[in-house]
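Structure at a glance
Listed below are the residues making up each chain.
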Amino acid sequence: MNVSTIDILSVDNKKLEDISKEYLLSLNLREMLAVKDYFSKKGRNPTDVELETIAQTWSEHCKHKTLMGLIEYSDKNGTMEIDNLLKQTVMKVTRELKKDWCLSVFKDNAGVISFDERFAIAFKVETHNHPSALEPYGGAGTGIGGVIRDVLGVGLGAKPIFNTDIFCFGPFDYPFEELPEGVLHPKRICKGVVAGVRDYGNRMGIPTVNGSVFFDEGYIYNPLVYCGTAGIMPRHMTEKKVEAGDLIVSVGGRTGRDGIHGATFSSLTLDKDTEVSAVQIGNPITEKKVTDTVLAARDKGLYRAITDCGAGGFSSAVGELGQDCGARVDLEKAPLKYEGLAPWEIWVSEAQERMVLAVPKEKIDDLLGVFSAEDVSATVIGEFTADRVLDIRYEGATVGRLDMDFLHHGVPGIRRKAVWKESRKKGKEKKIEANIAEDLKKILSSPNVCSKEWIIRQYDHEVQGGTVLKPLQGILNDGPGDACVIKPLFDSDKGIVISNGINPLYGTKDPYWMAASAIDEALRNIVCAGGNLEKTALLDNFCWGDPAKPAQLAGIVRAARACYDMAKVYGTPFISGKDSLNNEYVNAEGERASIPPTLLISGICIIPDIKKTVSMDLKKPGNAVYVLGGKKNELGGSHYYLLHGMTGGTVPQVEPKRAKKLMGALGRTIEAGLVKSCHDCSEGGIAVAASEMAFSGGLGMEIDLRLVPCESKGEADDAMLLFSESNSRFIVEIEENNTKEFEKVMAGNVFSRIGRTAKNETLRVLGKDGSEIIKESIYILKGCWQKTMKW
Amino acid sequence: MIYTIEVGYKDALNDASGMSTKKDIEDLGIYSVRQVRASQLYIIEGEIEEDKILSVCRELLSDPVIQYFKINESSGKGSLKADVYYKKGVTDAVGESVKIGIRDMGIDGVESVRTGARYEITGRLSGRIVRSICERLLANKVVQEYKII
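Re the overall build of chain B
From N to C terminus, chain B includes four helices and six strands. For a compact globule of 149 residues, the expected C-alpha radius of gyration is about 15 Å, and chain B comes in at 16 Å, within 12% of that figure. Principal-axis analysis of the C-alpha atoms places the extent of chain B at approximately 50 × 35 × 20 Å. The buried share of chain B, reckoned over its 149 residues, is 31%. Taking contacts inside chain B between residues at least 6 apart in sequence as the whole, the part at least 24 apart equals 75%.

With respect to helix α1 (residues 16-27) of chain B
Residue and element names in this part refer to chain B. With twelve residues, α1 should reach 16 Å at 1.5 Å per residue; the first-to-last C-alpha distance of 17 Å fits that figure. Along α1, the residues classified as buried are Thr21, Lys22, Asp24 and Ile25. Angular distribution of buried residues about the axis of α1 spans 165°; they occupy a single face of the element. What points out from α1, more than 90 degrees from its buried face, is the exposed set Ala16, Lys23 and Glu26.

With respect to the sheet that holds strand β21 (residues 495-501) of chain A
Residues and elements named next belong to chain A. Pairing is mixed in the open sheet, where six strands are placed in the order β17-β20-β21-β26-β22-β23. Both outer strands of the open sheet, β17 (467-469) and β23 (574-580), are each paired with one neighbouring strand and no more. Going across the sheet, the axis of each strand differs from the next one's by a mean of 20°, ignoring polarity. With eight bridges connecting them, strand β22 (residues 536-543) and strand β26 (residues 598-607) associate as antiparallel partners. Paired with Ala537 across the two strands is Ile604, which belongs to β26. Its contacts with the sheet put helix α6 (residues 90-97) on β22 and β23, and the angle it makes with β23 is roughly 180°. In this fold helix α19 (residues 511-529) packs onto β17, β20 (484-486), β21, β22 and β26, with an angle of close to 25° to the strand it touches most, β26.

Some thoughts on the pairing of strand β15 (residues 397-403) of chain A
Side-chain positions along a regular strand alternate between the two faces of the sheet. All names here are of chain A. Bridge count for strand β14 (residues 389-394) against β15 is six bridges, and the pairing is antiparallel. Bridge pairing in β15 links Tyr394 to Ala397. With antiparallel pairing between neighbouring strands as the criterion, β14 and β15 make up a hairpin whose turn holds two residues, including Glu395 at a positive phi of roughly 50°.

Examining the interface of chain A and chain B
The partner chain B presents 13 residues to the 16 residues of chain A that form the contact. Class assignment for the residues of the side of chain A that touches chain B results in six nonpolar, five polar and five charged.

A look at the domain arrangement of chain A
Taken as a whole, chain A is organised into domain 1 (13-64) and domain 2 (614-791). Taking only C-alpha atoms, the centre of domain 1 of chain A and the centre of domain 2 of chain A are 56 Å apart.

A few points about the environment of A:Thr650
All names here are of chain A. Locating Thr650 in the fold gives a position in the loop between α21 (639-643) and α22 (656-671). The partly exposed category is assigned to Thr650, around which 16 C-beta atoms lie within 10 Å. When the C-alpha positions of Thr650 and Asn633 are compared, they lie 7.6 Å apart, and in sequence the two are 17 residues distant. In this structure, Thr650 is in contact with Glu634 and Gly636, ignoring residues within four places of it in sequence.

Side note on the sheet that holds strand β16 (residues 415-419) of chain A
Residue and element names in this part refer to chain A. What the three strands build is an open sheet, ordered β2-β1-β16; its pairing is mixed. At either end of the open sheet lies a strand with only one pairing partner, and these are β2 (78-83) and β16. With strand direction ignored, the average angle separating the axes of adjacent strands in the sheet is 20°. The sheet contact formed by strand β1 (residues 70-75) and β2 spans six bridges and is antiparallel. Opposite Tyr73, over in β2, you have Met80 as the bridge partner.

Some remarks on the environment of A:Cys102
All names here are of chain A. Mapping Cys102 onto the fold places it in strand β3 (residues 102-104). What makes Cys102 partly exposed here is the crowd of 19 C-beta atoms within 10 Å. Cys102 sits twelve residues away from Ser114 along the chain, and the two C-alpha atoms are 6.5 Å apart.

Quick word on the packing of α22(A) against helix α25 (residues 739-746) of chain A
The geometry of a pair of packed helices is captured by two quantities: the angle between their axes and the separation between those axes. Residue and element names in this part refer to chain A. One can describe the packing of α22 onto α25 by two numbers: an axis separation of 9 Å at closest approach and a directional angle of 150°. Judged on the interaxial angle alone, α25 and α22 are roughly antiparallel. You can see that α22 and α25 cross each other, and the crossing is right-handed. Packed against α22, whose contacting residues are Ala665, Arg668 and Thr669, the element α25 presents Phe742, Val745 and Met746 at the interface.

Here's the deal with the pairing of strand β1 (residues 2-9) of chain B
Relative to strand β2 (residues 33-46) of chain B, β1(B) runs antiparallel, the two sharing seven bridges. Paired with B:Ile2 across the strands is B:Glu45, a residue of β2(B).

Some points on the confidence of the model for chain B
On average, residues of chain B carry a pLDDT of 90, and 97% of them reach 70 or more. Across the assembled chains, the prediction reports ipTM 0.89 with pTM 0.93.

Considering helix α4 (residues 127-138) of chain B
For α4(B), the set of buried residues is B:Val130, B:Ile133, B:Cys134, B:Leu137 and B:Leu138. One side of α4(B) holds all its buried residues, which, seen down the axis, span an arc of 110°. Set apart from the buried face of α4(B) by more than 90 degrees, the exposed residues are B:Arg128 and B:Glu135. Considering only its buried residues, α4(B) is in contact with α9 (186-204) of chain A together with α1, β4 (80-86), β5 (110-123) and β6 (144-148) of chain B.

Thoughts on the environment of B:Leu80
All names here are of chain B. In this fold, Leu80 is placed in strand β4. With 19 C-beta atoms counted inside 10 Å, the residue Leu80 sits in the partly exposed group. Between the C-alpha atom of Leu80 and that of Tyr3, which follows or precedes it by 77 residues, the distance is 21 Å. Leave out the neighbours within four places in its chain, and Leu80 touches Ile121, Leu125, Val130 and Ile148.

Side note on the nonpolar core
All names here are of chain A. The biggest cluster of nonpolar side chains holds 234 residues, and the ones touching the most others in it are Ala122, Ile519 and Cys563. Looking at this core, the element that brings in the most residues is α19, giving 13 residues. Formed jointly, this core draws a minimum of three residues from each of two domains, domain 1 (13-64) and domain 2 (614-791). Excluding residues within four positions of it along the chain, Cys563 makes contact with Thr89, Val90, Ala515, Ile519, Asp540 and Phe574.

Cut-offs applied
- Residues numbered from 1 in each chain as written.
- Chains lettered and ligands numbered in written order.
- Predicted model: local features only at pLDDT ≥ 70, side-chain atom pairs only at ≥ 80, totals over all residues.
- Helix = DSSP H or I, 4+ residues; strand = E, 2+ residues; numbered from the N terminus.
- Rg over C-alpha atoms; globule rule 2.2 N^0.38 Å.
- Buried ≥ 20, exposed ≤ 12 C-beta atoms within 10 Å, placed from the backbone.
- Contact = placed C-beta atoms within 7 Å.
- Expected span 1.5 Å × (residues − 1).
- Arc of directions from axis to C-beta.
- Pairing = 2+ DSSP bridges.
- Axes fitted to C-alpha atoms, helices over the stretch in contact; angles between N-to-C directions.
- Nonpolar A, V, L, I, M, F, W, Y, C, P; charged D, E, K, R; others polar.
- Domains from an automatic or database assignment.
- Parallel < 35°, antiparallel > 145°, perpendicular 65-115°, else oblique.
- Left-handed = near helix turned anticlockwise from the far one by under 90°.
- pLDDT = per-residue confidence, 0-100.
- Core = buried A, V, L, I, M, F, W, Y, C linked by C-beta atoms within 7 Å.

Spelled out as structure tokens, the structure:
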């Protein structure tokens, strides 16, 4: 039999570390010593199966060792100890907010919130970065496939109803000559990733409805691919419970050698010799069949628990389900793609499209019947036991035997240092030769602002027939929507609003304000479409460099704190999250480098009536245009500064108390039907938001910068008023006869009427001195916005 | 018996995949390509008679209105062809589906189905340029291999 015993009892520390490297375990010395200690008490050496099981279960990917460990954080105010950062921030705020509509948070495969008396909604966002760097198509496809299975494996299983996707790539026009060997060109990665998400999502019949793309040189070696899925499930099916004696059933795809070491691989630094067996190729047709049959079995009540085979394969899935009881697995029973797999390979393979069920013995025949009727493979591979031991066998012989307690609680806590130093570097600032109209066109064409229609059109965002407010809006269906609205049930007008916020440009300055801005942006988008903060939940996805570097870890601490501070005031709980650390690479100069710190915030909101949602395109000439929220001199990290090569300035901050009040008032005016269109000011400030509203609606707009509320001291120039990306601001369109009512509801907030919509198809802006600084056809502006990504 | 089957769009029709590949080649800084035609390859191995393969091609692999198919022939002069396949051991989802599809037609004897893509490239080209196109664009050597004919 192809099982080896590895001698760790008689070797020294140096050799222990070598073993960890040789077997790609990604376990550090302290962890290896804990393993040694465990086995010396047992009086024997571990098998490869056992070492692999421990490595997978203890991996950063599965255990979040760093963020749940001990962190010694110091900044200019002194040093403090943080025990379990996640519990102290994102999880704490959810506990404190006590929202009764949060049904299952931070414990299952996805966060679950209440939809109505009958149904609940599950939402999860994952990353699939390293595989996508090596094989963009397969990596992104299996990324979306994996998160779909997360949702299918939450509680007793939810039916997937929409996908989201957010990407960060290197610049798509990066010169080939400068690209190091073994690194795929950013444009190729971008196209491959989009095709992967498209083919998987479309073939599964799930609409991809929300996303964004961010291009920056920091992602050339290590792109970020975030994939999210939401599902709907009956309310009484949000919990699972395995009982001793239940059979372990593997459903779906066969097991092969693909994707071995995915979980531990995600904790490694990418270099040009990175192991290739970590790449998986997905098969959406299999996953579609698995989804349909699992849901049929769920509705018949044929199983007691379900989870997906994600990172770590069977070892993680069975290990997790059997955590509180125990399990016996007969590996030879697992259906294989081909012969010749060693037991440990079967056990940790991350072959796609597999789910694991816990099935009561008396229901096994019915269950197998449901799957065989649809030609989906379902096989009993073991049984859950009561002895709290994980017993792994191959052809009758024990190849691994581990105590569940040790496996799940034996990992030694990590203690890490985090040191925050405020950047003293006074970035580059210079006097900018103002050419406002030209600058606006350039910003509209810039990669991070321009139209992403080329990508969006490849995704089916209509399938399942519930997409009410679509990603592309306006008279020609090509304007950039803020958020998407889904109506999941045919017999109810209740809806779901989905949005995201991400802005790594601020992260290199201060992750605290980056996180705050991302949360504000996600919430702004929700409110724009007609959502309200009362019923909004958030998801966090941290992508960072090596947490062993004190500066990197300090950034995470600051971002997590912002999550707590902001969510607490906004009253929006976090329901699920994920971290992908070690996004590092060896660059062309041979140095280790980190990606820009990147936090994605996804927002989800349940609304009572989809008929009261609003799109972002102007609707009628002669309407009043208001800007809501005060403007500050916060050009740091803005696209205007980027355009002019400036790295200084203050990044936008957030005042959540005022913002919450403003968003609440705006929400009431939208609900009352007073608002004709609404768009948030984000990348490119008022100038870009106004242009987008105008050209999406096919109407002109006239605004006067003298009327824009400004809160900074000193001179505000035209450029600052137009391009500063201060948070918590909106532009809204109000019919003339509703302006009084609108102003009444908004009273007590900073807002101002700045102009009106016009029939003339021109964007006209008056500057501080009353002169005309922009007079441009909306079609020319639209052309600038569309030309960049006409691939 | 091994059958190599090529399925592509008929000449008069838009070949979207070929045209976007041509654009991608231009993005590499190579402007000497006049046309790219992309087609799908299926390598079917097993004990199957030729007339059965013919019906597999007609009924399963091609759409007779817009597509042509060729069995075991590689024609087309004046162009270079790059065939790209998944490496052995990499999941070939389309291949697996074809295998099931043939079985569902009531035809037994299929041992394996591999799929690939064929790019027929015309223009002022050398083998060296086509190799560079393969390596930089068409085949990802992590999971794929290519052959130039």
